[in-house]
Amino acid sequence: MVARKSPWKTFMKNKELLLLTLPALAYFFVFHYMPMGGIWMAFTNYRHVDGIFGSEFVGLQWFRIFFQGDLTRVTRNTVGYAGTFIILGVVTGVFTAVLMNAVRSKIATKTYQTIMILPHFMSWIVVSLILYIFLDPQFGVINRTLISFGIDPIWWYSTPEYWPFILTFMNIWKSVGMGSIIYYAALMGIDPSLYESASMDGAGKIAKFRFITLPSLVPLITILTLLALGGLFRGDFGLFFAVPRDVGALYPTTDILDTYIFRGLRQGLLSLNAAAGLFQSVMGFIAVVSVNMIVKKISPENSLF
């Protein structure tokens, strides 16, 4: 029977490496764990003069207000968009990476990748201004084109039903370049002899993708999806606030938890925002743990933890 080393001996043996982790541990403790004390604000009627722990305790009052008010709308939008973005992000990322991998010219590949990555580095404010050039009710490119064909213009910024498609398109347009690079790097690590053997056996491109490419990408897809599920109850604030220009008429399809909490901060509803934020964090944690448990039962080697 092998004797187990004491924790102290293990620490002394790896003390240099463990000491290197101190800056990272300090960062997470100061900026991620210490602020958790603010959770108490969700259970109090917060007042600046009394502070977080001196304010009146009201129990679940703010949670009841949130659940009876805008919970359904903002949660539906948040989860619906996040789930759609995750699925389409994987599909478009893998599809684009496979197309890039099929390009034999290195110059062409680098050119295409550079063009696709550029939107990733543009702020949502710039993107919203570019989009407004197309959607401006009076002088927008799309409406001017519709008028030239004798079609009535569309009032984009007062018609909420168009925005699920607009926001989804803008998200994919901005993120597909960076997402495809990750999958492209994974494709570069696949042994070329596998494709050569498949070609000798008469396999076509679809068969190669199904039996070689896709199985090789499954572990990466699983890990990235699990990490993305941590944000299932969160959204890109810039996308949902700047792109629709915070127009109240569009709230039914553009308002998510993040924008709802931001508006509450502007109105001084700090306790209500704390309750909504706590709900958001807990549900995101439950989503990650639940999906990881399912993956662990189906394919343990692909689970995150």
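Student: Please set out the overall build of the protein residue by residue, giving values where relevant.
Tutor: When its secondary structure is counted, the protein shows 15 helices and two strands. Computed over C-alpha atoms, the radius of gyration of the protein comes to 25 Å, more than 25% over the 19 Å expected from 2.2 N^0.38 for 305 residues, which places it beyond the range of a compact globule. Seen through its C-alpha atoms, the protein measures out along the principal axes to roughly 85 × 75 × 35 Å. The proportion of buried residues among the 305 residues of the protein is 36%. Within the protein, residue pairs in contact and separated by at least 24 positions form 64% of the contacts whose partners lie at least 6 positions apart. Taken as a whole, the protein presents about 18,800 Å² of accessible surface, with 71% of it coming from carbon and sulfur. Here the protein holds 23 positive side-chain charges and 15 negative ones, and the gap between their average locations is 10 Å.

Student: Any details on the nonpolar core? Residues and values, ideally.
Tutor: One finds Ala 42, Phe 63, Phe 66, Leu 232, Leu 257 and Tyr 260 to be the most contacted residues of the largest nonpolar core, which totals 27 residues. Elements with a minimum of two residues in this core: helix H4 (61–68), helix H5 (71–102), helix H11 (205–229), helix H14 (257–266) and helix H15 (270–298). At eight residues, H15 tops the list of elements feeding residues into this core. Counting 18 residues, the second-largest nonpolar core is a separate cluster that includes Tyr 81, Phe 85, Leu 167 and Met 170.

Student: Go over the environment of Leu 194 with me, naming the residues and quoting the values.
Tutor: Within the secondary structure, Leu 194 sits in helix H10 (residues 192–200). Spatially, the C-alpha atoms of Leu 194 and Asn 14 are 41 Å apart, while their sequence positions differ by 180 residues.

Student: Lay out the packing of aromatic side chains in plain terms, naming residues and giving numbers.
Tutor: The full count for this structure, using the stated rule, is 20 aromatic pairs. For the pair Phe 67 and Phe 279, a centre-to-centre distance of 5.8 Å together with 70° between the ring planes defines the contact as edge-to-face. Separated by 212 residues along the polypeptide, Phe 67 in helix H4 and Phe 279 in helix H15 bring together distant segments of the chain. Looking at Phe 67, the relative accessible area reads 40%, which means it is partly exposed. With centroids separated by 5.2 Å and ring planes inclined at 75°, the aromatic side chains of Phe 241 and Phe 262 adopt a geometry described as edge-to-face. Of the two residues, Phe 241 is situated in helix H12 (residues 237–242) and Phe 262 in helix H14; the sequence distance between them amounts to 21 residues. An aromatic cluster is present here, built from Trp 40, Phe 43, Phe 57, Phe 63, Phe 66, Phe 67, Phe 233, Tyr 260 and Phe 279 joined pairwise through their rings.

Student: Could you give an account of the pattern of salt bridges, with specific residues and numbers?
Tutor: This structure, assessed with the given rule, holds six salt bridges. Residue Glu 16 is joined to Lys 15 by a salt bridge in which the shortest nitrogen-to-oxygen separation is 3.6 Å. Three or more residues are tied together by salt bridges with common partners; here these are Asp 70, Arg 73, Asp 255 and Arg 263.

Student: Outline the pairing of strand E2 (residues 51–57), listing residues and values.
Tutor: As paired elements, strand E1 (residues 44–47) and E2 share three bridges and run antiparallel to each other. By the bridge assignment for E2, Asn 45 is matched with Glu 56.

Student: Got a sec to walk through H14? Specific residues and values, please.
Tutor: With seven of its ten residues buried, H14 lies for the most part within the structure. When we look at burial in H14, the residues that qualify are Leu 257, Asp 258, Thr 259, Tyr 260, Ile 261, Arg 263 and Gly 264. If you follow the buried residues of H14, they end up packed against H4, H5, H12, helix H13 (251–254) and H15. Once H14 ends, the next one or two residues include Gly 268, with phi positive near 80°.

Student: Help me get a handle on the packing of helix H9 (residues 163–188) against H11, residues and values and all.
Tutor: Their axes nearest at 10 Å, the elements H9 and H11 cross at an angle of 140°. One way to sum up the angle between H9 and H11 is to call them oblique. H9 and H11 meet at a crossing whose hand is right-handed. Residues Ile 182, Tyr 183, Ala 186 and Leu 187 of H9 form the contact with H11, whose participating residues are Thr 213, Leu 217, Leu 220, Ile 221 and Leu 224.

Student: How would you sum up unusual backbone geometry? Please name residues and give values.
Tutor: Among all residues save glycine, negative phi is the norm, and among peptide bonds the norm is trans. Of note in this structure, Arg 245 is not a glycine but carries a positive phi near 65°. Note that Arg 245 resides in the loop between H12 and H13. Residues other than glycine seldom take positive phi values, yet Asp 246 does so here, at roughly 50°. Relative to the helices and strands, Asp 246 resides in the loop between H12 and H13.

Student: Give a detailed account of a nonpolar patch on the surface, specifying residues and quantitative values.
Tutor: A surface patch of nonpolar side chains, amounting to about 960 Å² of accessible area, comprises Tyr 27, Phe 28, Phe 29, Val 30, Phe 31, Tyr 33, Met 34, Met 36 and Ile 39. Examined against the element boundaries, Met 36 turns out to sit in the loop between helix H3 (22–33) and E1.

Rules and cut-offs
- Once a new chain begins, its residue numbering starts again from 1 and follows that chain's sequence as written.
- Since the coordinates come from a predicted model, pLDDT governs what is reported: local features require at least 70, and pairs of side-chain atoms require 80 or more to be given and counted, while whole-chain, interface and lining totals use all residues.
- To get the side-chain values, take all heavy atoms of the structure and skip hydrogens and water.
- Numbering of helices and strands runs from the N terminus; a helix is a DSSP stretch of H or I covering at least four residues, while a strand is a stretch of E covering at least two.
- We compute the radius of gyration over the C-alpha atoms and compare it with the globule rule, which gives 2.2 Å times the number of residues raised to the power 0.38.
- To sort residues, take the accessible area from a 1.4 Å probe on protein chains only and compare it with the maximum for the residue type: under 20% means buried, over 50% means exposed, and anything in between is partly exposed.
- In what follows, residue pairs with any heavy atoms lying within 4.5 Å of each other are defined as contacts.
- Using a 1.4 Å probe, accessible areas were evaluated by the Shrake-Rupley method; residue-level cover was limited to the displayed protein chains.
- When charges are counted, Lys and Arg contribute as positive and Asp and Glu as negative, whereas His and the chain ends are disregarded.
- Just so you know, the charge point we use is NZ for Lys, CZ for Arg, CG for Asp and CD for Glu.
- Within this scheme, the nonpolar core is defined by two criteria: the residues are buried Ala, Val, Leu, Ile, Met, Phe, Trp, Tyr or Cys, and they are joined through side-chain atoms within 4.5 Å.
- We call Phe, Tyr and Trp rings a pair once their centres come within 6.5 Å, taking the six-membered ring for Trp, and we label the pair stacked below 30 degrees between planes, edge-to-face above 60, and tilted otherwise.
- Each reported salt bridge corresponds to a side-chain nitrogen of Lys or Arg within 4 Å of a carboxyl oxygen of Asp or Glu.
- One requirement defines pairing of two strands: DSSP has to find at least two bridges between them.
- Only the contacting stretch of a helix is used when fitting its axis, a line to C-alpha atoms as for every element, and angles between N-to-C directions run 0 to 180 degrees.
- Our angle categories are set so that under 35 degrees counts as roughly parallel, over 145 as roughly antiparallel, 65 to 115 as roughly perpendicular, and the remainder as oblique.
- Put simply, a crossing is left-handed when the front helix is turned counterclockwise from the back one by less than a right angle, and right-handed when it is turned clockwise.
- The residues that make up patches have over 30% relative accessible area and no salt bridge, and they are joined within 9 Å when like-charged or within 5 Å when they are Val, Leu, Ile, Met, Phe, Trp or Tyr.

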